[in-house]
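Below are the chains, spelled out letter by letter.
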Amino acid sequence: MLDRYRTPEGFLILATFALNFGFATWLTLLNNFVVEQASFTGKEIGILQSLREIPGFLAFTAVFLLVFIREQRFAWVNLVIMGIGIAMTGYFPTVIGLYVTTVLMSIGFHYYETVQQSLSLQWFDKSTAASSLGRLVSAKSLAAMIAYVFIWCAHSVLNLEYKTVYLIGGLMTVICALGCAMLFPSFDQPHPQHKKIILRSRYWLYYALTFMSGARRQIFVVFAGFLMVEKFGYTVSAIAGLYLINHTVSFFVAPKIGRWIERVGEKRALTIEYVGLAILFASYAFVNDSNVAATLYVIDHILFAMAIAIKTYFQKIADPKDISATAAVSFSINHIAAVVIPAAFGLIWLYSHSLVFLLGAGMAMVSLVLSQFVPSKEQLQKAM
C-alpha cells in the first residue's frame, strides 16, 4: 500500500508539508513575538525580513553544492537545517538573536525551495505540470492549516510560551524531513543537469517575471501581515484564524487553478493575476476596516497560486538540462528585490503605510506589461 505513494510527487508532497508546517509556525507567531518580546518597529522587522532573504539571493550557490550531493538528498538535509533554526527561535528573543536564528532557518528554507523547483520541473510531465504543482500548493496549505490549528490551541487553550511552540514546530519539520530520507527511494533524474551558473538571453522574460514576483511577494509577506497587527490590532489567535481561512480556501482552490492554467494558458492566467494584484494593493493603501482588510488578504493569497504559470512557462521553453542551474539562478534573481524591499520599505512604512501598497500596485502593473510578452497557449504547445 505504501509503495503507491513512494513516488517523486509523493516525496515532494511530504517535503512540502514539512517545509510549510515549520514556516507557517515561524511566520504566524513572528509579528506578535517580535513586537511583544523584542519591541520591534517597522525598521527592525524590515531588516529582519531583508536578512531572511539574503540566503535566497545566494541560492545560485546550490549549483556548486550539487556537484557533491544529489538534489533529492540535498532537499531533505536543508529541511533539517530549517527545522533546527525554527526550534531555536523562541530561545533568543533579542534583536541579534532573532536575526541569527532567522538566517539559519532561511538557509534551509531557500536551498530547499530552489531544489524543489528544480526537481518538480524535471519530474513532472509538461502537459500536466500545472496540476501537479497545484497539488503541491494544496499540500502546502494543508500543512499550514494544521499549523494554525496547532498554534491556536497552543496559545488559546494550552497557553504555551512562544519558545515551546517554536520548538514543536521546528521538531515537526525535522521529523518529516527524516521521513523523506527513510521512506522514499532515490529517484532518477530524466536529464543530466548542468553544474554551473547558466544565464541565457532567451530566458530573459522568465528572469524578469521572477524578479517582479519576488518584489510582489515581499509586499504581501512582510507588510500585509504587519498591517493586520500594527494598524488593526490582530492578536496571535486572530492572525492564526486568518491564515487558517487563507489556506483552507487555497487547499481546495489551488489544484483547480492548476487545471485552469492548463486550459487557458500561462499568458491569460498571469494577466488576470496581475490585474487583480494591482487592484488589491491599491485597496490595501486606503482600507480602514479590519474585515475588509482580512478579505483582501484572503484574495491576495489565492492569487499566489497563479504564479504556477511562471514555472510552467519556463518548463515549456527550457532546455531540460538547464532546469537545475536555472532554478538556482532564478531564485537569486527573485531575491534581489526581496533583500532590498523589506528594509527600504520598512523606512517608508514609518512615513506612510499607504505609500508602501501604492508602490506595490505599481509593481503589479509592471508585471502585467511583462506578461503580455508570454507566448500564447498554442505557441507554447508548438515549442514543447
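Since we're looking at a predicted model, the values are computed, not measured.

Student: Looking at this structure, how should I read the overall build of the protein chain?
Tutor: Tallying secondary structure elements over the protein chain gives 15 helices and 0 strands in all. The C-alpha radius of gyration computed for the protein chain amounts to 20 Å, which stays within 12% of the reference 21 Å derived for 384 residues, consistent with globular compactness. In terms of overall dimensions, the protein chain has a C-alpha envelope of 55 × 45 × 35 Å along the principal axes. By residue count, 57% of the 384 residues in the protein chain fall in the buried class. A sequence separation of at least 24 residues applies to 88% of the contacts in the protein chain between residues at least 6 apart.

Student: Please explain the packing of helix 8 (residues 204–230) against helix 12 (residues 308–317) as it appears in this structure.
Tutor: Angle between the axes and distance between the axes: these two values describe a pair of packed helices. Relative to each other, helix 8 and helix 12 sit at 160°, their axes nearing to 10 Å. Comparing their axes, helix 12 and helix 8 come out roughly antiparallel. Along this stretch, helix 8 crosses helix 12, giving a crossing that reads as left-handed. Along the contact surface, helix 8 presents L205, Y206, L209, T210 and S213, while helix 12 presents I310, Y313 and F314. Across the contact of helix 8 with helix 12, the residue classes break down as 6 nonpolar, 2 polar and no charged.

Student: I would appreciate a short explanation of the side chain of N246 in the present structure.
Tutor: Structurally, the position occupied by N246 is in helix 9 (residues 236–264). Not counting the four nearest positions on each side in its chain, N246 is found in contact with F220, Y297, V298 and H301.

Student: How do you make sense of a nonpolar patch on the surface when you look at a structure like this?
Tutor: Side chains of I54, F57, L58, F211 and I336 sit close together on the surface and give an oily, nonpolar patch of about 370 Å² of accessible area. With respect to the helices and strands, L58 occurs in the loop between helix 2 (42–57) and helix 3 (62–65). L58 gets classed as partly exposed once you look at its relative accessible area, which sits at 37%.

Student: Is there a simple way to explain the side chain of T89 in this structure?
Tutor: Tracing the sequence through the fold places T89 in helix 4 (residues 71–89). You can call T89 buried: its relative accessible area is 0%. Not counting the four nearest positions on each side in its chain, T89 is found in contact with W26, F33, L98, T101 and Y166.

Student: Mind showing me how you'd approach unusual backbone geometry here?
Tutor: Trans is the prevailing form of peptide bonds, just as negative phi is the prevailing case for residues other than glycine. Positive phi values are uncommon outside glycine, yet N159 reaches one of about 55°. Relative to the elements of secondary structure, N159 occurs in the loop between helix 6 (129–157) and helix 7 (162–183).

Student: Just checking my understanding: could you explain the nonpolar core for this structure?
Tutor: Taken as a class, soluble globular proteins show a tendency for nonpolar side chains to be buried jointly. Core analysis: the biggest nonpolar cluster contains 124 residues, and W26, Y284 and F357 have the highest contact counts within it. Setting aside residues up to four positions removed in sequence, F357 forms contacts with I219, F223, A224, L227, F281, Y284, A285 and W349.

Student: Hey, could you run me through the packing of aromatic side chains in this one?
Tutor: To describe a pair of aromatic rings, one takes the distance between the centres and the angle between the planes. As enumerated under the stated definition, the model contains 20 aromatic pairs in all. Between F23 and W26 the ring centres are 5.7 Å apart and the planes differ by 25°, which places this aromatic pair in the stacked class. Here W26 and F23 lie together in helix 1 (residues 8–38), a separation of 3 residues that amounts to about one turn. The class for W26 is buried, based on a relative accessible area of 0%.

Student: Sorry, what's going on with the environment of A38 here?
Tutor: Among the structural elements, A38 can be located in helix 1. By relative accessible area, which is 15% here, A38 ends up buried. Sequence separation between A38 and I151 is 113 residues; the distance between their C-alpha atoms is 20 Å. Excluding anything up to four places from it in sequence, A38 contacts F33, P93, T94, V95 and L98.

Student: What should I look at first to understand the pattern of salt bridges in this one?
Tutor: Where side chains of opposite charge bring their charged atoms close, a pairing between them can arise. Under the defined criterion, the tally for this structure stands at 3 salt bridges. E161 is the partner of K163 in a salt bridge, and the nearest nitrogen-oxygen pair spans 3.9 Å. Between K316 and E266 there is a salt bridge whose closest N-O contact spans 2.9 Å. Here E266 lies in helix 10 (residues 266–286) and K316 lies in helix 12, a separation of 50 residues in the sequence. You'll find K316 and E266 in the same group, each marked buried.

Student: How do you make sense of the environment of I323 when you look at a structure like this?
Tutor: Turning to its location among the elements, I323 is positioned in helix 13 (residues 323–351). Among the residues examined, I323 registers a relative accessible area of 6% and is labelled buried. For the pair formed by I323 and L296, sequence separation is 27 residues and the distance between their alpha carbons is 35 Å.

Student: How do you make sense of helix 7 when you look at a structure like this?
Tutor: Because an α-helix completes one turn every 3.6 residues, residues spaced three or four positions apart along the sequence face the same direction. When the terminal C-alpha atoms of helix 7 are compared, their 32 Å separation across 22 residues agrees well with the 32 Å that a helix rising 1.5 Å per residue should span. When helix 7 is considered as a whole, its buried residues turn out to be Y162, V165, Y166, G169, G170, T173, V174, C176, A177, G179 and C180.

Student: How should the packing of helix 4 against helix 7 be read in this particular structure?
Tutor: Where helix 4 contacts helix 7, the two axes come as close as 7 Å, and the packing angle between them is 170°. One way to sum up the angle between helix 4 and helix 7 is to call them roughly antiparallel. Side by side, helix 4 and helix 7 meet where W76, L79, V80, G83, I84, I86, A87 and T89 of the first sit next to Y166, L167, G169, G170, T173, V174, A177, L178, C180 and A181 of the second.

About the thresholds
- Residues numbered from 1 in each chain as written.
- Predicted model: local features only at pLDDT ≥ 70, side-chain atom pairs only at ≥ 80, totals over all residues.
- Heavy atoms only, no water.
- Helix = DSSP H or I, 4+ residues; strand = E, 2+ residues; numbered from the N terminus.
- Rg over C-alpha atoms; globule rule 2.2 N^0.38 Å.
- Buried < 20%, exposed > 50% of the residue type's maximum accessible area, 1.4 Å probe, protein only.
- Contact = heavy atoms within 4.5 Å.
- Axes fitted to C-alpha atoms, helices over the stretch in contact; angles between N-to-C directions.
- Parallel < 35°, antiparallel > 145°, perpendicular 65-115°, else oblique.
- Left-handed = near helix turned anticlockwise from the far one by under 90°.
- Nonpolar A, V, L, I, M, F, W, Y, C, P; charged D, E, K, R; others polar.
- Patch = residues over 30% accessible without salt bridge, like charges linked within 9 Å, V, L, I, M, F, W, Y side chains within 5 Å.
- Areas by Shrake-Rupley, 256 points an atom, 1.4 Å probe, with all protein chains shown as cover.
- Salt bridge = Lys/Arg side-chain N within 4 Å of Asp/Glu carboxyl O.
- Core = buried A, V, L, I, M, F, W, Y, C linked by side-chain atoms within 4.5 Å.
- Phe/Tyr/Trp six-rings, centres within 6.5 Å; stacked < 30°, edge-to-face > 60°.
- Expected span 1.5 Å × (residues − 1).

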